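Chain by chain, the residues:
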2 protein chains.
Amino acid sequence: MSAESAFIAALRGLATHPAARGLNDDCAVLEIGSETLILTHDVMAEGVHFLAQQDPADVAWKLVASNLSDLAAKGAEPIGVLLGYQLGGDDARFVAGLSEVLAHYNVPLLGGDTISGTGAQVLGLTALGRATHRPVPARSGAQPGDNLWLTGSVGAAMLAFEALKIGSGDSLAYRRPAALLAQGRTLAPLVSAMMDVSDGLLLDARRMAEASDMTIDIDRMAVPIATPEARRDEALRWGDDYQLLVALPADITPPVPAHCIGRVLPRGTAPLLLDGIAPVGTLGYEHR
Amino acid sequence: MSAESAFIAALRGLATHPAARGLNDDCAVLEIGSETLILTHDVMAEGVHFLAQQDPADVAWKLVASNLSDLAAKGAEPIGVLLGYQLGGDDARFVAGLSEVLAHYNVPLLGGDTISGTGAQVLGLTALGRATHRPVPARSGAQPGDNLWLTGSVGAAMLAFEALKIGSGDSLAYRRPAALLAQGRTLAPLVSAMMDVSDGLLLDARRMAEASDMTIDIDRMAVPIATPEARRDEALRWGDDYQLLVALPADITPPVPAHCIGRVLPRGTAPLLLDGIAPVGTLGYEHR
């Protein structure tokens, strides 16, 4: 077991409260008074999650949108965010982007902390939301016979990242992802399982399969891709597109645009199949 | 205006929700259903808030205790924490300390994020609590004629930090501060204003005075110090002791151990006086 896996396993031992969902979900789900609160915290580091030369306004956008995407996967309505900000770079551009993204999603800044740092910038955001449907959707819950649906194409962020790196072409999909909050709320009452695809479709589908103790079989050619056909296998493994991945009973057609990309089977030897065969090699981004 | 002050002023412009308290308080205070939720997020950076050579177990302790201290200042009962962790150093020792401090305060880990980083470690923690008394105490609210009380001495963390740096003597007060949760809950129904002293008594007292639009006059010799008398002025400016600072109506004697260290006056020219005279120079740690 790697030091990282050991660390996360040890954390799991501390996360015994039911709200923590064993750290196997995108969010904590906390019953408080008459409400169900949804909580998520994501960290982004310069050099790992964003490029040092990126416009800080885009970094702010992505930090907020990626957290709101976790709320979307719970069908939650955002309440507000807390920001952990390390000064450095063009802080005024960061605030400009933060202002834009919070206005776009109509989410208030509730608090946080601003510090001086010495090294690469590390930024944290906590997002809170309230559940609009109970039970709150989870990664677990997929059932044999369910169909697997994806709300849109994958690979757009990969192409956009390449454009950003070479400084030519359309990089918007990487810089300014969308959090599918309305789609998440519409799907929440219908799904057996739901999550957002942040680390790669194959990796995240395997996580859903493992959390549900099922096998998920994906039809390789059914997955909508934003790339040329020659790059299909890469698109299936690249993250940052923030589509919603849902398992729905076979008799339900999703009421939002979505593509049927596979099905849920009783758990076999492998949690994930691609056209019936367990894929080998990297499935996506781990421990980002 | 410095870039830092400009940044925080710009953030304030985004924090228009009443729960944010204009970013002038230790915590956000959010009404949700029948409960009042208290939220705080603090960040600690290697080389700024802790030494690279410190035991990661102590870093974990302080990260949690300093956030719980913010909850204590609201009279809140902790619900749980979310951790933003950057791998690096002895991660197993960090988990050991995290386990200790969460068990000590009986607070569960609810979620968070673990990332790989490239530079100095930056760690974030979000703590949630529920109010035990409403209205929830604030930094603002101090009234003319109130007495100012402090729950214990200052300067112990300063001596402990010096011991830690030279590797000799008792460094516990710096490494393992206490969050005065029980004291905060007992005081909450009585106080006009309350906050924890994390950045220096004089600086934090001035913040209370400014938030309350009052002047606070501190009796220099009435402040209990843990240092030799010769270092009194330093002790009044050093942080990390996490005592509670409260303004109480003159007819109330606090029901927990505390020292009367001054009084609240109508707002004069200076927000802070020390023996009747506005102190000059540094009052504590800004923008840590």
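Every value quoted in this text rests on a predicted model; they were computed, and no experiment measured them.

Conventions we followed
Residues numbered from 1 in each chain as written. Chains lettered and ligands numbered in written order. Predicted model: local features only at pLDDT ≥ 70, side-chain atom pairs only at ≥ 80, totals over all residues. Heavy atoms only, no water. Least-squares fit on C-alpha atoms with pLDDT ≥ 70 in both. Contact = heavy atoms within 4.5 Å. Pairing = 2+ DSSP bridges. Helix = DSSP H or I, 4+ residues; strand = E, 2+ residues; numbered from the N terminus. Axes fitted to C-alpha atoms, helices over the stretch in contact; angles between N-to-C directions. Expected span 1.5 Å × (residues − 1). Buried < 20%, exposed > 50% of the residue type's maximum accessible area, 1.4 Å probe, protein only. Polar contact = N/O pair within 3.5 Å; in protein donor to acceptor, adjacent residues only side chain to side chain. Left-handed = near helix turned anticlockwise from the far one by under 90°. Nonpolar A, V, L, I, M, F, W, Y, C, P; charged D, E, K, R; others polar. Parallel < 35°, antiparallel > 145°, perpendicular 65-115°, else oblique. Salt bridge = Lys/Arg side-chain N within 4 Å of Asp/Glu carboxyl O. Domains from an automatic or database assignment. Buried area = accessible area lost by both parts, 1.4 Å probe.

## As for the relation of the copies chain B and chain A
For these two chain copies, the linking operation is a rotation about an axis paired with a shift along it. The two copies are related by a screw operation: chain B maps onto chain A through 180° of rotation and 0.0 Å of translation along the axis, at an RMSD of 0.0 Å. Between the two chains, the operation in question is that of a two-fold axis. Counting the interface residues of chain B, we find that 100% of their copies in chain A are interface residues as well, pointing to one common contact surface.

## What about the sheet that holds strand β10 (residues 259-266) of chain A?
Residues and elements named next belong to chain A. Overall, mixed pairing links the 6 strands, which are arranged β7-β9-β6-β10-β8-β11 in an open sheet. Since the sheet does not close on itself, it has two edges, and those belong to β7 (193-197) and β11 (272-274), each with one partner. Averaged over all pairs of adjacent strands, the angle between their axes in this sheet comes to 25°, without regard to strand direction. As defined by bridge partners, strand β6 (residues 147-150) adjoins strand β9 (residues 243-248) across 4 bridges and the pair is classed as antiparallel.

## Regarding helix α2 (residues 56-72) of chain B
Residues and elements named next belong to chain B. With 17 residues, α2 should cover 24 Å at 1.5 Å per step; its first-to-last C-alpha distance of 24 Å lies within 8% of that length. α2 sits mainly inside the fold: 16 of its 17 residues count as buried. Its side-chain oxygen placed 2.9 Å from the backbone nitrogen of alanine 57, aspartate 55 serves as the N-cap of α2.

## Some thoughts on the packing of α2(B) against helix α3 (residues 91-105) of chain B
All names here are of chain B. Where α2 contacts α3, the two axes come as close as 6 Å, and the packing angle between them is 35°. Regarding α2 and α3, the two cross each other, and that crossing is right-handed. For the pair α2 and α3, the contacting residues are Pro56, Ala57, Val59, Ala60, Trp61, Leu63, Val64, Ala65 and Leu68 in the first and Arg93, Phe94, Gly97, Leu98, Glu100, Val101, Leu102, His104 and Tyr105 in the second. Considered class by class, the residues forming the contact of α2 with α3 number 14 nonpolar, 2 polar and 2 charged.

## Brief notes about the packing of helix α3 (residues 91-105) of chain A against helix α1 (residues 3-14) of chain B
Between two packed helices, the angle of one axis relative to the other and the distance separating the axes together describe the packing. The N-to-C vectors of α3(A) and α1(B) enclose an angle of 5°; their axes lie 10 Å apart at closest approach. Taken together, the axes of α3(A) and α1(B) are roughly parallel relative to one another. Residues A:Asp91, A:Phe94, A:Val95, A:Leu98, A:Ser99 and A:Leu102 of α3(A) form the contact with α1(B), whose participating residues are B:Phe7, B:Ala10, B:Leu11 and B:Leu14. The residue makeup of the contact of α3(A) with α1(B), split by class, is 8 nonpolar, 1 polar and 1 charged.

## Looking at the pattern of salt bridges
All names here are of chain A. For the structure shown, the criterion picks out 42 salt bridges over all chains. The partner of aspartate 25 in a salt bridge is lysine 74, with the nearest N and O atoms 2.6 Å apart. Of this pair, aspartate 25 sits in the loop between α1 (3-14) and β1 (28-32) while lysine 74 is found in the loop between α2 (56-72) and β3 (76-86), placing the two residues 49 residues apart along the sequence. Exposure remark for lysine 74: the relative accessible area of 0% places this residue in the buried category. A salt bridge links arginine 176 to glutamate 100; its shortest N-O distance comes to 3.1 Å.

## Overview of the environment of A:Leu159
Residue and element names in this part refer to chain A. Structurally, leucine 159 is set in helix α4 (residues 156-166). What makes leucine 159 partly exposed here is its relative accessible area of 28%. Along the sequence, leucine 159 and valine 223 sit 64 residues apart, while their C-alpha atoms lie 17 Å from each other.

## Points about the domain arrangement of chain A
All names here are of chain A. When cut into domains, chain A gives domain 1 (3-131) and domain 2 (147-274). Measuring from the centre of the C-alpha atoms in domain 1 to the corresponding centre in domain 2 gives 21 Å. Facing the 24 residues of domain 1 at the interface are 20 residues of domain 2. For the pair domain 1 and domain 2, the two sides together bury roughly 1900 Å², of which 54% comes from carbon and sulfur.

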